[in-house]
Amino acid sequence: MELIDAASAEFARVVRALPADVWDRPTPSEMSVRDLVQHVVVGNRFTALLLDGVGREEARAAVSGDQLGDDPVAAVVESSQRQAQAFAATAPDQPVAGPEGTIPAAAFLRFRLIDLVVHAWDLLRAAGLDETLDEQVVLDLMALVEPHLDDLISYGAYGSGPSGTLPADASPQAWLLDWFGRRP
């Protein structure tokens, strides 16, 4: 559970650093900066609702429309806190209505962590900022997802997956991003 807090803080750090003139720029995830931040906030709120027992369609309706308002940073922080609290109150084996059917909450958590961390990098890349992510967050996420990497990649939401071209001495961040279709 500490990792969801750390990953959320890392995403919020990146959103706080975004210059005002980058919100319309494209990101490596093929969304604008604003749309990508919206995507993460929607995911945070949607996940919290699902974990709280709200049905999938009702949760989807609750997060339709603009979720950022005039203060995207506040939306990121608030939605991240709600999501972290919901995960903390949920047993890891509790069934959750995932994108491809019902999955355990622990598996859903992995999806959300990848979203937070990889999309933080997407925002840094789009904004032309220093692309270095928090090293401990990267290492902890790698340790959590590596045993499940084949299943995560087969889901199909991470671009082309690992390139198979990284040198053995590539940084942990380069490995993590490469796993999820990013080519820094």
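Notes on the structure follow. Since this is a predicted model, take the numbers as computed values, not measurements.

1. Here we look at the pattern of salt bridges
Under the definition given, this model contains nine salt bridges. Between D66 and R34 there is a salt bridge, and its shortest N-O distance comes to 3.4 Å. Of this pair, D66 sits in the loop between α3 (56–62) and α4 (72–88) while R34 sits in helix α2 (residues 33–51), and the two are 32 residues apart along the sequence. By relative accessible area, R34 is classed as partly exposed at 30%. Because the salt bridges share partners, they merge into one network encompassing R45, E78 and R82.

2. So, the packing of α2 against α4
Packing of α2 against α4 brings their axes to within 8 Å, and their N-to-C directions diverge by 30 degrees. Considering the angle they form, α2 stands roughly parallel to α4. In terms of crossing hand, the pair formed by α2 and α4 is left-handed. The segment α2 lies against α4, with R34, V37, V41, G43, N44, R45, T47, A48, L49 and L51 engaging P72, A75, V76, E78, S79, S80, R82, Q83, A86 and F87.

Calculation notes
Residues numbered from 1 in each chain as written. Predicted model: local features only at pLDDT ≥ 70, side-chain atom pairs only at ≥ 80, totals over all residues. Heavy atoms only, no water. Salt bridge = Lys/Arg side-chain N within 4 Å of Asp/Glu carboxyl O. Helix = DSSP H or I, 4+ residues; strand = E, 2+ residues; numbered from the N terminus. Buried < 20%, exposed > 50% of the residue type's maximum accessible area, 1.4 Å probe, protein only. Axes fitted to C-alpha atoms, helices over the stretch in contact; angles between N-to-C directions. Parallel < 35°, antiparallel > 145°, perpendicular 65-115°, else oblique. Left-handed = near helix turned anticlockwise from the far one by under 90°. Contact = heavy atoms within 4.5 Å.

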